[in-house]
Amino acid sequence: MAAKQIDHLVTMANQIALNTGAHSDAADSTRRTADHIRKFWTPAMRKQLTEYWQSGGEELEPVVAEALREMIATQADGG
C-alpha cells in the first residue's frame with residue numbers, strides 16, 4: 001500500500017474519531033466511528049486501514065483501533 005494513501009486514511013479515521021467525541025465519550029465515539037467507516041468507506045479503504053492497524057500502525061487514535069476491533073468482531077459473528 002502506498003505510504004501517502006495510508007497516511008491519508010489514517011488522518012481521515014483520526015478526524016472522524018475526534019469529531020465523534022473521542023475525548024469525551026470513548027464508547028460512543030467508538031460506535032459512531034465504526035458506523036461511519038462501515039457506511040461511507042469503500043471495502044478497499046477499510047481493508048487498507050485494518051491491515052495497517054494489524055501490522056502495528058501506531059498513528060491511529062485509540063478510538064479508531066477499538067472501532068476496527070469491533071468491526072472485525074462483528075464480521076466474525078456474521079454481522
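Residues numbered from 1 in each chain as written. Predicted model: local features only at pLDDT ≥ 70, side-chain atom pairs only at ≥ 80, totals over all residues. Heavy atoms only, no water.

1. Observations concerning the overall build of the chain
- Helix and strand counts for the chain come out as 4 helices and 0 strands.
- Taking 12 Å as the expected radius of gyration for a compact globule of 79 residues, we find that the chain reaches 12 Å, a close match to that expectation.
- Judged by the C-alpha coordinates and their principal axes, the chain covers about 30 × 30 × 25 Å.
- Out of the 79 residues belonging to the chain, those deemed buried represent 37%.
- Contacts spanning at least 24 positions in sequence make up 62% of the contacts within the chain whose residues lie at least 6 apart.
- Total accessible area on the chain stands at roughly 4,900 Å², and carbon and sulfur atoms take up 51% of it. (Helix = DSSP H or I, 4+ residues; strand = E, 2+ residues; numbered from the N terminus. Rg over C-alpha atoms; globule rule 2.2 N^0.38 Å. Buried < 20%, exposed > 50% of the residue type's maximum accessible area, 1.4 Å probe, protein only. Contact = heavy atoms within 4.5 Å. Areas by Shrake-Rupley, 256 points an atom, 1.4 Å probe, with all protein chains shown as cover.)

2. Digging into the packing of helix H1 (residues 3–19) against helix H3 (residues 43–54)
- Interhelical geometry of H1 versus H3 gives an angle of 90° and a closest axis separation of 10 Å. On the basis of the axis angle, H1 is roughly perpendicular to H3. Residues Gln5, Ile6, Leu9, Val10, Met12 and Ala13 of H1 touch H3, and the partners they reach there are Met45, Gln48, Leu49 and Tyr52.
- A class-by-class count of the residues in the contact of H1 with H3 yields 8 nonpolar, 2 polar and no charged. (Axes fitted to C-alpha atoms, helices over the stretch in contact; angles between N-to-C directions. Parallel < 35°, antiparallel > 145°, perpendicular 65-115°, else oblique. Nonpolar A, V, L, I, M, F, W, Y, C, P; charged D, E, K, R; others polar.)

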